[in-house]
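Understanding the architecture of this molecule
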Amino acid sequence: RCGRVAHICEANCILQIGFPAACFDVKALSCKFNESFLGYHKNHLYFCEALNKLARTVIMMKDEIKKACEIMQKGGVILYPTDTVWGIGCDATNEEAVKRVYEIKHRADSKAMLVLVDSPVKVDFYVSDVPPVAWDLIEMTTKPLTIIYDGARNLAPNLLAEDGSVGIRVTNEAFSKELCFRFRKAIVSTSANISGQPAPAVFSEISEEIKNAVDYVVDFRREENGHPKPSSIIKLGKGGVVKVIRE
C-alpha cells in the first residue's frame, strides 16, 4: 500500500509541478511516519496535502512569471516581489519603458536605478570591465548585495548614472530569479513609491497610485507580513577600490 500511494504522490507531482518527486523520497518519508496503517494514512494525507500546496504555489509562480514577461516584452511596467522589498520593474534595455518608471515615481531621470539579473554571468554582459573583486563579493555575500559598476553597457541610457555607472544585483530569491531567467534580460528594480515618500516594505503598504499606474501587478507573495531590508550597496572604483554606500 505504501508503495502504491507513493507512486500516486509522485505522479501527482510530475503532472502539477513538472518534475519528478523522487528527490523527496516519498515512499521512505511516508513509511517513517507510523508503522500502523491508521497512523500512516493520516500522515500520508498530510504529506500529500503539503505536496499539493507546493504544486499549486509553483504553478501560480510560473503563470505570474509568464504574464509579467509578456507585459515587459511589450514595453510595459510591472509591480513585483524581489529579494528585498516590492519593486517597480521593466525591461532595463528599453528606454521608453525606463522613462515610464521615472514618470510613475515622479522622479528625475538624472537619478539612476538598479537592475536585477539571475546569474553572475549576466553581469559581464552589462559591464565592460568587471573588477575581479566583484566575483568574490557576489560569491561570499550572505544577503542581497547591489554593486555599482563603472562602464555600463547594453542598457537603456536613461537608466545609468551621469558617470555611466549602474547598480546590478544578482538575485537569489525564487520569484525574481526565475523572472530574470525567463525574461533573458536585466530587469529594472526600484522601490514601489513616489519619490520622496517612504519605501513600502510589503505589498499592503504600496499606495493605490502606484498600483494603478503600472501595467501589471504580480499576484504572488502579496500576503507576506515581514519587513525585509533594502540591499547593501557597494561601489567598485578603478583598481577594485571598494566604497560602502549602504551596509
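Residues numbered from 1 in each chain as written. Predicted model: local features only at pLDDT ≥ 70, side-chain atom pairs only at ≥ 80, totals over all residues. Heavy atoms only, no water.

1. Structural notes on the side chain of Ser231
The line we're drawing: Secondary structure counts use DSSP, requiring at least four H or I residues in a row for a helix and at least two E residues in a row for a strand, with both numbered from the N terminus. Only protein chains enter the accessibility calculation, which uses a 1.4 Å probe; a residue is then buried when its area is under 20% of its type maximum, exposed when over 50%, and partly exposed in between. Distance and chemistry together define a polar contact, namely a pair of N or O atoms within 3.5 Å, with one atom able to donate a hydrogen and the other to accept it when in protein, and with adjacent residues in sequence counting only for side-chain atoms on both sides. The contact criterion used is simple: two residues touch if any of their non-hydrogen atoms lie within 4.5 Å.
Inspection of the secondary structure puts Ser231 in the loop between strand E7 (216-217) and strand E8 (232-236). Residue classification places Ser231 among the buried residues on the basis of a relative accessible area of 3%. A polar side-chain atom of Ser231 sits 2.8 Å from a polar atom in the side chain of Thr146. Beyond its immediate stretch of four places on either side in the chain, Ser231 contacts Thr84, Pro144, Leu145, Thr146, Arg169 and Arg246.

2. Notes on the pairing of strand E5 (residues 166-170)
Applied cut-off: Pairing between strands requires that DSSP locate at least two bridges from one strand to the other.
Most of E5 is tucked away, with five of its five residues classed as buried. Sheet topology places strand E3 (residues 114-117) next to E5; three bridges connect them, and they run parallel. Bridge assignment links Val115 to a residue of E5, and that residue is Ile168.

3. Notes on the confidence of the model for the protein
Filter applied, for reference: The pLDDT value tells you how sure the predictor is about a given residue, anywhere from 0 up to 100.
Counting all residues, the mean pLDDT for the protein is 85, and 81% of those residues have values of 70 or more. Overall, residues 1-38 carries pLDDT values under 50, and its contacts beyond four positions in sequence, including any with other chains, amount to 47 contacts.

4. What about unusual backbone geometry?
The backbone phi angle of Arg184 is positive, close to 70°, even though this residue is not glycine. Its location among the elements puts Arg184 in the loop between helix H7 (174-183) and strand E6 (187-191). By relative accessible area, Arg184 is classed as exposed at 62%. Its identity is not glycine, yet Arg221 carries a phi of approximately 60°, on the positive side. Structurally, the position occupied by Arg221 is in the loop between E7 and E8. Look at Arg221 and you get partly exposed, because its relative accessible area is 23%.

5. Describing the pattern of salt bridges
As a reminder, the rule being used: A pairing counts as a salt bridge when a side-chain nitrogen of Lys or Arg comes within 4 Å of a carboxyl oxygen of Asp or Glu.
One pass over the full model with this rule turns up twelve salt bridges. Where Asp83 meets Arg169, a salt bridge forms, and the shortest distance between an N and an O atom there is 2.8 Å. Remark: Arg169 occurs in strand E5 and Asp83 occurs in the loop between strand E1 (78-80) and strand E2 (87-89); sequence separation between them is 86 residues. Judged by its relative accessible area of 17%, Asp83 is buried. A salt bridge links Asp91 to Lys185; the nearest nitrogen and oxygen atoms lie 2.8 Å apart. On the criterion of sequence distance, the pair formed by Asp91 in the loop between E2 and helix H4 (95-105) and Lys185 in the loop between H7 and E6 is long-range, its members being 94 residues apart. A residue is classified by how much of its surface remains accessible, and Asp91, at 4% relative accessible area, is buried. Its relative accessible area of 33% is what places Lys185 among the partly exposed residues. Connected through shared salt-bridge partners, Asp150, Asp163 and Lys235 make up one network.

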